[in-house]
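Here are the chains, one letter per residue:
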Amino acid sequence: MKKFGDLPVYFMILGLILNIIMFFYNEVSFTNLMIRSSIVIILFAVMGYFLAYVLREAHTALAISTKQNKAKNEAKENNGSKIDIRVNSEDDDELFKLIPKSEDEEFTEISVDNFKKFMDQDSN
């Protein structure tokens, strides 16, 4: 990943800035400053590369885990039960015969018992 590849450079720049701030605060010699800067560059570069490696591997593992979870969720959705109910026109007529009709009601409810009788006719 490109975003973690620049991390060691940022660490080295941060280390050098901190080293220069400490130079003005402590007033050390220029030779001493160069030696300290070399040590800071090496240490911060190693720490930056290590941190970049760890973050890159964690990002890769997280991406793989996310893909596997998506695949599992899609598999669960695809394996779900599907209900397909088809009613023949003849069965519609039988169902309408079971419904008690009144002239003033346009829509009526079917009682559960009548519906069960109708469904039991299908299974026989």
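Not measured: the values here are computed from a predicted model.

The rules behind the values
Residues numbered from 1 in each chain as written. Predicted model: local features only at pLDDT ≥ 70, side-chain atom pairs only at ≥ 80, totals over all residues. Heavy atoms only, no water. Helix = DSSP H or I, 4+ residues; strand = E, 2+ residues; numbered from the N terminus. Buried < 20%, exposed > 50% of the residue type's maximum accessible area, 1.4 Å probe, protein only. Contact = heavy atoms within 4.5 Å. Areas by Shrake-Rupley, 256 points an atom, 1.4 Å probe, with all protein chains shown as cover. Polar contact = N/O pair within 3.5 Å; in protein donor to acceptor, adjacent residues only side chain to side chain. Phe/Tyr/Trp six-rings, centres within 6.5 Å; stacked < 30°, edge-to-face > 60°.

What is the right way to look at the overall build of the protein chain in this model?
Within the protein chain one finds 5 helices and 0 strands. In the protein chain, the order of α-helices and β-strands from amino to carboxyl end is α-α-α-α-α. With 124 residues in all, the protein chain has 15% of them scored as buried. Residue pairs at least 24 apart in sequence account for 63% of intrachain contacts in the protein chain once pairs closer than 6 positions are excluded. Accessible surface for the protein chain amounts to roughly 10800 Å². Of this, 61% is attributable to carbon and sulfur atoms.

How should I be thinking about the side chain of S37 in this particular structure?
Looking at where S37 falls in the secondary structure, it is placed in helix α3 (residues 30-78). For S37, the side chain forms a polar contact with the side chain of N19, separated by 2.7 Å. In this view, S37 contacts L16 and N19; residues no more than four positions away in its chain are not counted.

Explanation requested: the packing of aromatic side chains in the structure shown.
The description of two aromatic rings rests on the distance between their centres and on the angle between their planes. Enumeration over the complete set of coordinates arrives at 2 aromatic pairs. On the numbers, 6.5 Å between centres and 50° between planes, the contact of F11 with F44 is tilted. Here F11 is found in helix α2 (residues 7-26), whereas its partner F44 is found in helix α3, with 33 residues between them in sequence. Assessed through its relative accessible area of 17%, F11 is described here as buried.

Coordinates in, geometry out; function isn't part of it.
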